[in-house]
Amino acid sequence: MIFRYIEEKTENLLKENDFFIPSFDVIKLAKKIGVQVLKKKFDDDVSGVFIMSDKTPIISYNGNEDNKRIRFTVAHELGHYILHSNEQPFFLDKSPKAMYRNSASTTGEFLKEREANAFAASLLMPSKLIELELEALSDEVSDIVKHLAKKFNVSEQAMTFRLSNLDYYIA
């Protein structure tokens, strides 16, 4: 499911802050827009936390996770900040291993989590940049998902979901 308003928000955010390129530094983007980003040692079942503290947005992420997971977590928490901080000042996101964030998002149980996931996917893998990459592909690329995942510095699973949500059918 594509949330068109989220696609527009993320594209504008990236363009306004000069980050409209594949594999940009999501932590630098967050800091540039005034969000404090902290590396923490959480239990394995916690990926990230977003808190509004005295009007200061703070994202904490689990430093024990791999870089691709950290990028998605920070982007997800940034989604909570941009989309939801006026309604709810605290979000705790459990890792997919604990079946919280992904199961809730997939089943539609929690709209805010689904929106934050869509925000993260759209931010890290903008549809217009994916389109440009697909147009520029050479015949030498045998695994398109793997190629795009590497280009955008995301997991192959995240890229597969994103391509599917954008109605690209890659065999």
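All values reported here derive from a predicted model rather than from experimental measurement. (Residues numbered from 1 in each chain as written. Predicted model: local features only at pLDDT ≥ 70, side-chain atom pairs only at ≥ 80, totals over all residues. Heavy atoms only, no water.)

### Some details on the overall build of the chain
In terms of regular secondary structure, the chain is built from 8 helices and 4 strands. When burial is assessed residue by residue, the chain has 45% of its 171 residues classed as buried. A fraction of 59% describes how many contacts in the chain between residues 6 or more apart in sequence connect residues 24 or more apart. For the chain, the computed accessible surface area is about 9500 Å², with 49% contributed by carbon and sulfur atoms. (Helix = DSSP H or I, 4+ residues; strand = E, 2+ residues; numbered from the N terminus. Buried < 20%, exposed > 50% of the residue type's maximum accessible area, 1.4 Å probe, protein only. Contact = heavy atoms within 4.5 Å. Areas by Shrake-Rupley, 256 points an atom, 1.4 Å probe, with all protein chains shown as cover.)

### Quick look at the confidence of the model for the chain
On average, residues of the chain score 87 in pLDDT, and 85% of them are at 70 or above. Per-residue pLDDT, averaged within each element of the chain, yields its smallest value for helix α4 (residues 101-107) (41) and its largest for helix α2 (residues 26-32) (98). (pLDDT = per-residue confidence, 0-100.)

### Some words on the packing of helix α7 (residues 144-152) against helix α8 (residues 156-165)
Packing of α7 against α8 leaves a shortest axis separation of 9 Å and a crossing angle of 110°. As far as their axial angle goes, α8 and α7 are roughly perpendicular. Each of V145, K146, L148, A149 and F152 in α7 lies in contact with α8, whose residues at this interface are E156, M159, T160 and L163. Per-class residue counts for the contact of α7 with α8 are 6 nonpolar, 1 polar and 2 charged. (Axes fitted to C-alpha atoms, helices over the stretch in contact; angles between N-to-C directions. Parallel < 35°, antiparallel > 145°, perpendicular 65-115°, else oblique. Nonpolar A, V, L, I, M, F, W, Y, C, P; charged D, E, K, R; others polar.)

### Regarding the nonpolar core
Counting residues in each nonpolar core, the largest one holds 40 residues, and the members touching the most others are L123, M125 and M159. Of all the elements in the fold, those that place two or more residues in this core are α1 (4-16), α2, β3 (56-62), α3 (67-84), α5 (111-124), α6 (127-135), α7 and α8. Excluding residues within four positions of it along the chain, M159 makes contact with M125, I130, V145, L148, A149, F152 and V154. (Core = buried A, V, L, I, M, F, W, Y, C linked by side-chain atoms within 4.5 Å.)

### A look at the pairing of strand β2 (residues 46-53)
Inspection of the sheet shows β2 paired to β3 by 6 bridges, in the antiparallel sense. The partner of M52 across the bridge, within β3, is P57. Connecting β2 to the next strand, β3, in antiparallel fashion are 2 residues, including D54 with a positive phi near 50°. (Pairing = 2+ DSSP bridges.)

### A few points about the packing of α3 against α5
One can describe the packing of α3 onto α5 by two numbers: an axis separation of 8 Å at closest approach and a directional angle of 120°. Considered as vectors, α3 and α5 are oriented oblique to each other. In terms of crossing hand, the pair formed by α3 and α5 is right-handed. Seen from α3, the contacting residues are R71, F72, A75, H76, L78, G79, H80, I82, L83 and H84; seen from α5, they are K112, E113, E115, A116, N117, F119, A120, A121, L123 and L124. Residues that form the contact of α3 with α5 fall into these classes: 11 nonpolar, 5 polar and 4 charged. (Left-handed = near helix turned anticlockwise from the far one by under 90°.)

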